[in-house]
Amino acid sequence: MKSSRTLGLVMIAPAAIMIILFFLMPVVLTAVFSMTSMTTATGISGGVYQIAPNSLIALKSAIPDIAAEMAEPRYTIDEAGLKAIEGLGLAPGIAAELRTKHAGEVFTGRRDVERMIKDLADRPSTRDVKQISEQFNRSVLNTRFDSKEQLFSALDSLGFKLTPEQKETVAKTTYTGWVWTTDNFSRMTTSPDMARVLLNTVLYVALVLMLFNVGYALLLAIWTHYMPPTPASIFRGIWLLPRITPVVIYVMLWKWLAWDTGFISILMGKFGYPPKNYLLDNAYNAWFFVVLINGFIGASMGMLVFSSAMKAIPKSQFYASEVDGASRWQQIRYIILPQMRWPILFVTCYQTLSLLASFNEILLATNGGPGNATEVWALSAYHTALRNYAGNLEYGLGAAMALVLVVIGVMLSLLYLRVFNYGTLVAKPLIED
């Protein structure tokens with residue numbers, strides 16, 4: 001008994017490892033990344049503190065006075081500037097007097113420091129004054145600091161006196177790396193664009209699922225069930241073509257059909273209609289083709305599952321119903337459909353998860369257009385995290401959007417189990433052999 005249990009664990013270990021590596025780990029990593037502010041700008045490693053033009057713009061809204069002062073250079077009488085003056089070949093008393101009387105002083109403008117230099121005992125010329133003042137020109141703009149301590153030390157040396165609250169604001173605004181945050185979820189709940197994308201996703205999943213992946217697939221399975229075996233096999237094979245055709249070629253065929261130089265425009269031109277791109281002409285046409293493109297692919301899988309399930313129904317039930325005078329519709333209603341709950345549950349659940357996560361066909365057909373009319377959640381997550389026109393890829397926000405799909409998928413799966421009364425499907429039979 002013990003050896004058989006050990007053998008079972010050994011045999012199931014590869015499957016368990018595959019589940020952990022290719023299902024659980026991606027979900028866990030997605031959840032981790034969703035709690036960060038990782039972008040192209042921050043990178044995926046620790047950042048530095050840098051007062052750049054974009055951070056100055058953000059600081060002007062929080063602490064405008066301090067930000068305005070940071071934008072201007074300051075003049076600090078420090079040892080580095082004094083040594084530079086000694087190397088200019090000027091009168092030796094200039095550097096000595098500056099070191100003795102003015103070392104450590106900070107001037108907020110060029111005019112103030114030049115006025116001080118002119119009052120030195122050696123009275124340098126106007127040309128020398130400008131040359132000397134330039135040696136003390138200091139700024140924190142575009143300077144990279146490895147830590148907050150270095151940043152604040154540089155600001156202190158330039159005479160900036162910041163309160164603890166102001167320091168926290170400066171540190172948060174100037175940090176170029178990623179941080180742990182829940183802002184991604186706040187952005188999703190408050191953005192009107194996200195609400196529209198979510199509505200598009202609900203519309204897309206509902207239409208394709210009900211009309212094609214379950215509805216039309218079940219209809220195809222019933223049709224072929226009552227056909228002779230050879231024509232039925234040929235018919236099913238034809239409906240498999242959209243699924244086995246490479247997606248790029250498949251979508252290109254639809255584009256050839258709907259482009260302004262495609263079949264529809266040529267046909268409508270015979271009746272005097274000008275050519276146009278029916279795929280991207282307006283939102284209604286775009287949705288029409290998006291549903292058809294994805295529906296033809298999804299219907300083929302459901303058709304196969306339902307056809308196989310119907311073949312498993314004992315033929316004696318159909319023979320008995322015919323003897324009793326049952327019509328085809330009565331056979332479908334009282335024999336086929338009651339025994340299709342398991343297959344319908346599986347196809348509905350699987351295809352819902354597939355539609356939530358799929359975006360390849362929409363990406364190739366409309367890329368979310370026209371005007372983001374067909375932008376669904378998975379495609380928006382892809383655009384946000386991996387490819388967009390702004391150039392700054394937001395990995396953290398994209399991961400948060402993907403995590404939302406995982407949560408929605410789990411919730412819908414549990415809902416389906418409740419609707420289809422999963423408990424009765426797995427209950428022990430009342431009559432046992």
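Residues numbered from 1 in each chain as written. Predicted model: local features only at pLDDT ≥ 70, side-chain atom pairs only at ≥ 80, totals over all residues. Heavy atoms only, no water.

Under the annotation held in an unreviewed UniProt entry, the chain carries the name Sugar ABC transporter permease and is attributed to Rhizobium beringeri. Comment text from UniProt for the chain, heading Subcellular location (unreviewed entry), reads "Cell membrane". Looking at the chain in UniProt, the text filed under Sequence similarities (unreviewed entry) is "Belongs to the binding-protein-dependent transport system permease family." (UniProt positions renumbered as here; feature names shortened; annotations may be inferred.)

A. Structural view of unusual backbone geometry. In the segment running from Gly369 into Pro370, the intervening peptide bond is cis, with an omega of -5°. Not every positive phi belongs to a glycine, and Arg123 is a case in point at roughly 45°. Tracing the sequence through the fold places Arg123 in the loop between α6 (110-118) and α7 (126-134). Residue Arg123 is classed as exposed on the basis of its relative accessible area of 61%. (Helix = DSSP H or I, 4+ residues; strand = E, 2+ residues; numbered from the N terminus. Buried < 20%, exposed > 50% of the residue type's maximum accessible area, 1.4 Å probe, protein only.)

B. Representation of the sheet that holds strand β3 (residues 106-107) in the model. Read across the open sheet, the 3 strands follow the order β3-β2-β4; overall the sheet is antiparallel. What marks the edges here is a single partner per strand, and that holds for β3 and β4 (137-138). Both strand β2 (residues 74-76) and β3 contribute to a ladder of 2 bridges, which runs antiparallel. Note on β3: the bridge partner recorded for Tyr75 is Phe107. (Pairing = 2+ DSSP bridges.)

C. Structural context of the packing of aromatic side chains. Applying the stated criterion across every chain, the model contains 14 aromatic pairs. Note on Phe359 and Tyr382: the rings are 5.1 Å apart at their centroids and 25° apart in plane angle, and the pair reads as stacked. On the criterion of sequence distance, the pair formed by Phe359 in the loop between α18 (341-357) and α19 (360-365) and Tyr382 in helix α20 (residues 377-385) is long-range, its members being 23 residues apart. The ring of Phe160 carries the charged tip of Arg74 above its face, separated from the ring centre by 4.0 Å. The residue whose ring lies beneath Lys167 is Phe152, and the NZ or CZ to ring-centre distance is 5.4 Å. (Phe/Tyr/Trp six-rings, centres within 6.5 Å; stacked < 30°, edge-to-face > 60°. Lys NZ or Arg CZ within 6 Å of the ring centre and 35° of its normal.)

D. Looking closely at the pattern of salt bridges. This structure, assessed with the given rule, holds 11 salt bridges. Arg115 serves as the salt-bridge partner of Asp112, at 3.3 Å between the closest nitrogen and oxygen. With Asp112 and Arg115 both in helix α6, this residue pair falls 3 residues apart, about one helical turn. Assessed through its relative accessible area of 45%, Arg115 is described here as partly exposed. The closest approach of N and O atoms between Lys130 and Glu114, which form a salt bridge, is 3.8 Å. Taken as a pair, Lys130 in helix α7 and Glu114 in helix α6 lie far apart in primary sequence, 16 residues in all. Exposure remark for Glu114: the relative accessible area of 10% places this residue in the buried category. Within the structure, one salt-bridge network assembled from shared partners comprises Arg110, Glu114, Lys130 and Glu134. (Salt bridge = Lys/Arg side-chain N within 4 Å of Asp/Glu carboxyl O.)

E. The packing of α6 against α7, seen in detail. Viewed as axis vectors pointing N to C, α6 and α7 meet at an angle of 120°, and their least axial separation amounts to 9 Å. Taken together, α6 and α7 sit at an angle that is classed as oblique. The element α6 and its partner α7 pack so that their crossing is right-handed. Packed against α6, whose contacting residues are Arg110, Val113, Glu114, Ile117 and Lys118, the element α7 presents Val129, Lys130, Ile132, Ser133 and Glu134 at the interface. Partitioned by chemical class, the residues of the contact of α6 with α7 number 4 nonpolar, 1 polar and 5 charged. (Axes fitted to C-alpha atoms, helices over the stretch in contact; angles between N-to-C directions. Parallel < 35°, antiparallel > 145°, perpendicular 65-115°, else oblique. Left-handed = near helix turned anticlockwise from the far one by under 90°. Contact = heavy atoms within 4.5 Å. Nonpolar A, V, L, I, M, F, W, Y, C, P; charged D, E, K, R; others polar.)

F. Examining the UniProt feature "transmembrane region" (unreviewed entry) in the chain more closely. Per the UniProt entry, the sites bearing "transmembrane region" (unreviewed entry) are residues 7-33, 202-226, 247-266, 286-306, 342-359 and 395-417 in this numbering. Across residues 342-359 one finds 89% helix and 0% strand; the C-alpha atoms that close the span lie 27 Å apart.

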